[in-house]
Protein chains: 2
Amino acid sequence: MRAHGTEGGVAQAVFRRFNALRPLPDEDAAALEHAILEGLLRAGPGEDLITEGDPVDSVRIVLSGWLFRHKTLEDGRRQIVNFILPGETCDAHAYLLSTLDHSITTATPVAYAEIKRARFEQLMAAHHALAEAFMCETLLNNAIQREWIVNLGRRSAFERVAHLFCEIFERLRPVGLIDGNSCSLPVTQTDLADATGLSVVHANRTIQELRASGLIVLKDRTLTIGDLEALKNAAMYSPGYLRLYRAK
Amino acid sequence: MRAHGTEGGVAQAVFRRFNALRPLPDEDAAALEHAILEGLLRAGPGEDLITEGDPVDSVRIVLSGWLFRHKTLEDGRRQIVNFILPGETCDAHAYLLSTLDHSITTATPVAYAEIKRARFEQLMAAHHALAEAFMCETLLNNAIQREWIVNLGRRSAFERVAHLFCEIFERLRPVGLIDGNSCSLPVTQTDLADATGLSVVHANRTIQELRASGLIVLKDRTLTIGDLEALKNAAMYSPGYLRLYRAK
DNA sequence: CGCGAGATTGACAATGATCAATTAGCGTGG
DNA sequence: CCACGCTAATTGATCATTGTCAATCTCGCG
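Residues numbered from 1 in each chain as written. Chains lettered and ligands numbered in written order. Predicted model: local features only at pLDDT ≥ 70, side-chain atom pairs only at ≥ 80, totals over all residues. Heavy atoms only, no water.

A. Quick look at the protein's contact with DNA strand C. The immediate surroundings of DNA strand C are formed by 16 residues, with Gln189, Asn204, Arg205 and Gln208 of chain A together with Ala157 of chain B found nearest. Among the atoms of DNA strand C lying within 4 Å of the protein, the sugar-phosphate backbone contributes 62%. Between DNA strand C and Gln189 of chain A there is a distance of 2.7 Å, counted from a phosphate oxygen to a side-chain nitrogen or oxygen. At 3.1 Å from a phosphate oxygen of DNA strand C is found a side-chain nitrogen or oxygen belonging to Ser199 of chain B. Among the elements of the structure, helix 7 (200-212) of chain A together with helix 7 (200-212) of chain B are those that each provide at least two residues to the surface near DNA strand C. A per-element tally of the surface near DNA strand C places helix 7 of chain A first, with five residues. Tallied by class, the residues present in the surface near DNA strand C amount to four nonpolar, eight polar and four charged. (Near = heavy atom within 4 Å. Polar contact = N/O pair within 3.5 Å; in protein donor to acceptor, adjacent residues only side chain to side chain. Helix = DSSP H or I, 4+ residues; strand = E, 2+ residues; numbered from the N terminus. Nonpolar A, V, L, I, M, F, W, Y, C, P; charged D, E, K, R; others polar.)

B. Examining the domain arrangement of chain A more closely. Residues and elements named next belong to chain A. For chain A, the domain assignment lists domain 1 (2-146) and domain 2 (155-242). With centres defined by C-alpha atoms, the gap from domain 1 to domain 2 works out at 23 Å. On the side of domain 2, 21 residues touch domain 1, which itself brings 19 residues to the contact. Carbon and sulfur atoms supply 64% of the area buried between domain 1 and domain 2, which totals about 1700 Å² over both sides. Looking at the side of domain 1 facing domain 2, the largest losses of area belong to Trp66, Phe83 and Ile144, adding up to 33% of the total buried there. Here domain 1 and domain 2 share three salt bridges between them. Asp191 is paired through a salt bridge with Arg78; the nearest N and O atoms lie 2.9 Å apart. At the surface where domain 1 touches domain 2, the tally comes to nine residue pairs in polar contact (both at pLDDT 80 or more). Counting only elements with at least two residues in the side of domain 1 that touches domain 2, the list comes to helix 1 (12-21), strand 5 (78-84) and helix 4 (128-154). In the side of domain 1 that touches domain 2, the residues fall into 12 nonpolar, three polar and four charged. (Domains from an automatic or database assignment. Contact = heavy atoms within 4.5 Å. Buried area = accessible area lost by both parts, 1.4 Å probe. Salt bridge = Lys/Arg side-chain N within 4 Å of Asp/Glu carboxyl O.)

C. Quick look at the environment of Leu85 of chain B. Summarising the element assignment, Leu85 of chain B is placed in the loop between strand 5 (78-84) and strand 6 (103-106). In this structure, the C-alpha to C-alpha distance between Leu85 of chain B and Phe68 of chain B, residues 17 residues apart in sequence, is 8.4 Å.

D. Representation of the sheet that holds strand 3 (residues 58-64) of chain B. Residue and element names in this part refer to chain B. Taken together, the three strands give an open sheet; going across it, the order is 1-7-3, and neighbouring strands pair in antiparallel fashion. What marks the edges here is a single partner per strand, and that holds for strand 1 (40-43) and strand 3. Put simply, the sheet's adjacent strands are angled 35° from each other on average, direction ignored. Here strand 3 runs beside strand 7 (residues 110-116); their pairing, made up of six bridges, is antiparallel. Across the sheet, the residue bridging to Ile61 is Ala113, located in strand 7. Of the strands in this sheet, strand 3 and strand 7 touch helix 3 (residues 117-126), which is tilted by about 75° from strand 7. (Pairing = 2+ DSSP bridges. Axes fitted to C-alpha atoms, helices over the stretch in contact; angles between N-to-C directions.)

E. Fine view of the interface of chain B and chain A. Across the contact, 55 residues belong to chain B and 55 residues belong to chain A. Between chain B and chain A the total buried area reaches about 4800 Å² when both faces are included, carbon and sulfur atoms providing 58% of it. For the pair chain B and chain A, the interface holds eight salt bridges. Between Arg77 of chain B and Glu159 of chain A there is a salt bridge, with its nearest N and O atoms 2.9 Å apart. The tally of links from chain B across to chain A stands at 22 residue pairs in polar contact (both at pLDDT 80 or more). Going through the elements one at a time, strand 5, helix 3, helix 4 (128-154) and helix 6 (189-196) of chain B are the ones with two or more residues in the side of chain B that touches chain A. Per-element tally for the side of chain B that touches chain A: the top contributor is helix 4 of chain B, with 17 residues. For the side of chain B that touches chain A, the residue count by class is 23 nonpolar, 13 polar and 19 charged.

F. Spatial organisation of the relation of the copies chain B and chain A. Placing chain B over chain A gives an RMSD of 0.0 Å and needs a rotation angle of 180°, together with 0.0 Å of translation along the axis. Each copy turns onto its partner about a two-fold axis. When you check the interface residues of chain B against chain A, 100% turn up at the interface there too, and the contact is symmetric in its surfaces. (Least-squares fit on C-alpha atoms with pLDDT ≥ 70 in both.)

G. Structural context of the confidence of the model for chain A. Looking at chain A as a whole, the pLDDT averages 93, with 95% of positions reaching at least 70. Low confidence marks residues 1-6 of chain A, where pLDDT is under 50. Its contacts with residues over four positions away, or in another chain, come to 16 contacts. (pLDDT = per-residue confidence, 0-100.)

Right, here's the structure in full:
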């Protein structure tokens, strides 16, 4: 079963994630792993993998490290539109569009696999379950984007930041990247501000409020959530949107 | 060429849209039109087509009328997460997920086609270009959601509302629903407020500001944009995100 | 030790929310 | 035809949240 990496291998996060989202037949998992191993790459922190307006001709699957999608207005206001966490795919199918509407930048050193469009399409054609799995991933991503819209439109600063922390924690869980009640949070407060639509100053004060209320500890790029239920309540977090996989 | 409805038929909006997004071979268009005609349905204004948490077992394609996707927090705060305009598809592939994470409600009387999952999958399997076209639609929808995140996170109230108007106008253009520099805007100010993350009162004041600055006329559910470029400038609108179709 | 990035603080300004009426438009029943 | 009742739009007054500006602080690193 090494083939689908349930117990190691560079693509472990990917397979853990698919297992939670939409389990793959061994054969499909093996084919994917094969494709991944063909295209291993690395990037340092702060590198742009894709810039808004670039044409896209491959699919990238993140094996380790964090990235974020972001868009910037003419006058410099920046909004982070999503984080991309280990095991996630940058842009399945995005090659169907002419260019990308946003940029993708690494927050940490990142290991990823690049699969060329032709190779990816061939893989999808040959492995139906794999095609469905990537489709599911796109749909889940969609659901996350919608929840971000709610977050920005209708939650207070306090709720927003709390919600983001809950979401990240729950997204890291299936890939095995939480450790007890802690997880890594390798981004600056500026990034958190840009993800929550706040100014840096206010993001900072909000984080301090969260600390003061005993809901989180955030230190040395590590987030610790003492009482996840309490944090979720504070965030008006509704669990549904991340658990959308079809039982069978 | 009646088959793909370029010049009439109930599904005209659908085919106009696909033509702009990703043109279909006649055969595929005919197959789609056939499926649409099999499943024609109507709904009155203010009806919920799908409610958050419902399982989804079909795809709905809107032939005429407006709907919106929305999510509501426990305490009643509501956020409209997108509008669904004529020619657009409610949830291609959504049946892959267990349940929907949001609700879809009609804003006006709506005519739509419902295609059952099995039928839809059969259609996709038989018509590759059709499958790609629906995929493109999902990706475009994704891009719109991201732009909404920027809108809510980084634009002022004035810019937000202006941006929403620009977007709606540009989305109605390919389906032939703009008339000179006017289009229908069949939603209440409460809906606009919920789409832009503002209070109704402030949404109202913002609309009045837009009127006072001569950028728009909004009366009797009709939006008129005197100078679209000026409105786009005021909105910090960047054109890229709606023009993502691949030239070839 | 000095530098630079990131975090933090204080003072103040501004955007947008809330509360509470009031007005306008429209369809219905008498 | 007109009063009533409803929904949507509008207004005024006030309050709260969040942004801006300008320092200062902390800490890892050469």
